[in-house]
Structure formats: C-alpha cells, structure tokens
Amino acid sequence: MMKIAVLGATRQTGQYLVNQALQQGHSVTAIVRNPGKLTVQHEKLKVVEGNIFSEDSLKPHFQGQDAVISCLGFPASFLSGVTGYTLSMRAAVNAMREAKVNRIITMTSWYTDPNSGTQSSYLIRFLLLPMIRSVLSNMFEMEHFLKKTQDVNWTIVRPPGLKNLPATGKEFLTHEGYFVPDSNGLPVGSAVGRGDVARFMLFLLNTDVWFNKAVAITTKNE
C-alpha cells in the first residue's frame with residue numbers, strides 16, 4: 001500500500017483514479033483548487049487546497065508521499081496557446097525534489113508528436129488533431145521536459161480518445177511510441193475508458209517496466 005498525491009483529482013479520469021486507489025488500500029492526498037468539488041469521503045483520503053503551478057504550494061503536500069500521479073488536463077486555446085502542462089509539471093518536479101519524492105506518473109495522449117498522426121483516419125488526422133493541436137503541442141513540450149529530467153522516475157501514459165466509462169477487466173495493449181499499432185503499423189482502436197486509464201496508471205505503481213518511458217495504451221477488444 002502506498003501514499004499517493006493526486007493532481008487533477010476532480011477531473012473525470014482523476015475521480016476514477018482516486019476511487020480505485022482507495023479501493024486498493026492506498027492512502028490518497030488529493031491536491032485540488034476547490035476542495036468542495038471532490039465529494040468522495042474515505043478514511044484514507046485527504047483533500048487539500050493547492051496551487052498546481054506553485055512548487056511552494058505543492059511541497060508540503062508532497063512530503064511523505066511515495067508517488068505523485070497527475071491527471072491534469074487543460075482546454076485547447078487557438079489564441080494564446082496552452083501552457084498548463086509544462087508549467088504544472090515544472091512546479092511538480094521541483095516540489096518533488098524538495099520533498100524527496102522520486103516517482104511521478106502522468107497522462108498525455110496519442111499523437112503528441114506532430115508527425116505521428118499520418119496513419120490515423122481521415123477524420124482524426126484532418127479534423128480532430130488540428131482542433132486539439134494546441135493541447136497536444138504543450139503535452140509534447142511536457143514530455144520533452146520529463147525526458148530531460150534524470151533525477152526522477154517518471155512514466156508518461158498516452159491514451160487515445162477518452163470515454164467516460166468505468167474500469168473493465170480488459171487486457172491492455174501497450175507500445176513505446178505515439179500510438180498503439182497493429183501488425184501493419186496502423187492504429188489499434190480510437191478510444192479507451194477513463195476508468196481503464198486510471199487502472200493502468202495505478203498498475204504502474206507496482207512495476208519498474210515503464211520507468212522513464214512514454215507508453216501508448218489501449219484496451220484489447222474481446
């Protein structure tokens with residue numbers, strides 16, 4: 001059983017993750033902007049107010065934790081660009097160093113590399129990806145920041161499209177890349193349940209297989 005600090009706990013994937021972590025017996029500190037938004041109550045859940053962009057705000061809540069899990073997400077912006085992923089990750093990593101926490105698991109998306117979507121469907125490649133490119137670009141920047149961070153054990157989880165569905169027992173398909181390919185190099189599936197993303201992120205607490213790697217995931221259709 002571990003002590004976990006969760007960022008983005010009031011977001012949809014974050015709520016699945018908090019609930020699953022508590023069911024597994026972990027102790028969870030949910031660091032949120034508005035504690036009233038997290039309605040879950042549990043003896044092993046501590047809900048605290050914090051600023052995700054401030055290492056000074058995060059540091060006391062990271063003290064004594066075994067790992068940090070980030071389910072943060074930020075909306076697309078056509079005008080000013082997206083900066084939330086890089087700014088929050090810099091603050092988190094600096095706070096981890098101060099608090100002597102060495103493990104972080106975060107989520108981005110398939111196709112963060114601008115050249116990685118060439119095998120995707122017409123609609124995804126020419127309609128969806130351009131619409132969310134500001135988000136994907138900042139995710140890509142954050143991934144590069146972590147790849148240059150050598151004193152922290154990080155894992156980046158890259159899911160495809162997200163459905164608001166609970167965890168299943170389905171087998172995961174994984175690939176160290178920007179999407180999960182089939183035998184012909186084409187993307188496998190296009191969406192996964194948020195509950196399954198949370199399940200995979202918690203699974204990573206118990207393995208070093210994906211230390212300092214970015215892993216694209218999806219679930220196997222049975």
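Since this is a predicted model, take the numbers as computed values, not measurements.

### Thoughts on the overall build of the protein
Then step 1. Secondary structure assignment for the protein yields 6 helices and 10 strands.
Then step 2. Taken over C-alpha atoms, the radius of gyration comes to 17 Å for the protein, in line with the 17 Å a tight globule of 222 residues would show.
Then step 3. Seen through its principal axes, the protein has C-alpha atoms that stretch 45 × 40 × 35 Å.
Then step 4. When each of the 222 residues of the protein is scored for burial, the buried share is 50%.
Then step 5. Look at the contacts in the protein between residues 6 or more apart in sequence, and 74% of them connect residues 24 or more apart.
Then step 6. Accessible surface, the protein: about 10,900 Å² in total, of which carbon and sulfur atoms supply 50%.
Then step 7. The protein carries 22 positive and 16 negative side-chain charges, and their two centres are separated by 3 Å.

### Some words on the UniProt feature "domain: NAD(P)-binding" (unreviewed entry) in the protein
Then step 1. With numbering matched to this structure, UniProt assigns "domain: NAD(P)-binding" (unreviewed entry) to residues 8-207.
Then step 2. Structurally, residues 8-207 comprises 36% helix and 18% strand, and the distance from its first C-alpha atom to its last is 23 Å.

### Some words on the nonpolar core
If you look at soluble globular proteins, the nonpolar side chains tend to sit buried side by side.
Then step 1. One finds L7, L58, F62, V68 and I104 to be the most contacted residues of the largest nonpolar core, which totals 38 residues.
Then step 2. The set of elements that each furnish at least two residues to this core consists of β1 (3-7), α2 (55-62), α3 (84-99), α4 (122-131), α5 (133-147), β6 (153-158) and β10 (213-219).
Then step 3. Ranked by the residues each element gives to this core, the list is headed by α3, at 8 residues.
Then step 4. Those residues in contact with V68 that lie beyond four places of it in its chain are A5, L7, F62, M96, V101, R103, I104 and I105.
Then step 5. Membership of the second largest hydrophobic core comes to 30 residues, among which are I4, A9, L45 and A198.

### Observations regarding the packing of α2 against α3
Then step 1. The N-to-C vectors of α2 and α3 enclose an angle of 45°; their axes lie 8 Å apart at closest approach. With respect to α3, the axis of α2 lies oblique. For the element pair α2 and α3, the recorded crossing hand is right-handed. Of the residues in α3, those in contact with E55, L58, K59 and F62 of α2 are A91, A92, N94, A95, M96, E98 and A99.
Then step 2. In terms of residue class, the contact of α2 with α3 is made up of 7 nonpolar, 1 polar and 3 charged.

### What about the environment of I31?
Then step 1. Positionally, I31 belongs in strand β2 (residues 27-32).
Then step 2. Owing to a relative accessible area of 2%, I31 belongs among the buried residues under this scheme.
Then step 3. With 16 residues separating them in the primary sequence, I31 and V47 have C-alpha atoms 6.2 Å apart.
Then step 4. When neighbours within four sequence positions are excluded, I31 is seen to be in contact with A5, V6, L7, G8, V48, G50, L58, H61 and F62.

What counts and what doesn't
- Residues numbered from 1 in each chain as written.
- Predicted model: local features only at pLDDT ≥ 70, side-chain atom pairs only at ≥ 80, totals over all residues.
- Heavy atoms only, no water.
- Helix = DSSP H or I, 4+ residues; strand = E, 2+ residues; numbered from the N terminus.
- Rg over C-alpha atoms; globule rule 2.2 N^0.38 Å.
- Buried < 20%, exposed > 50% of the residue type's maximum accessible area, 1.4 Å probe, protein only.
- Contact = heavy atoms within 4.5 Å.
- Areas by Shrake-Rupley, 256 points an atom, 1.4 Å probe, with all protein chains shown as cover.
- Lys, Arg positive; Asp, Glu negative; His and termini not counted.
- Charge placed at Lys NZ, Arg CZ, Asp CG, Glu CD.
- UniProt positions renumbered as here; feature names shortened; annotations may be inferred.
- Core = buried A, V, L, I, M, F, W, Y, C linked by side-chain atoms within 4.5 Å.
- Axes fitted to C-alpha atoms, helices over the stretch in contact; angles between N-to-C directions.
- Parallel < 35°, antiparallel > 145°, perpendicular 65-115°, else oblique.
- Left-handed = near helix turned anticlockwise from the far one by under 90°.
- Nonpolar A, V, L, I, M, F, W, Y, C, P; charged D, E, K, R; others polar.

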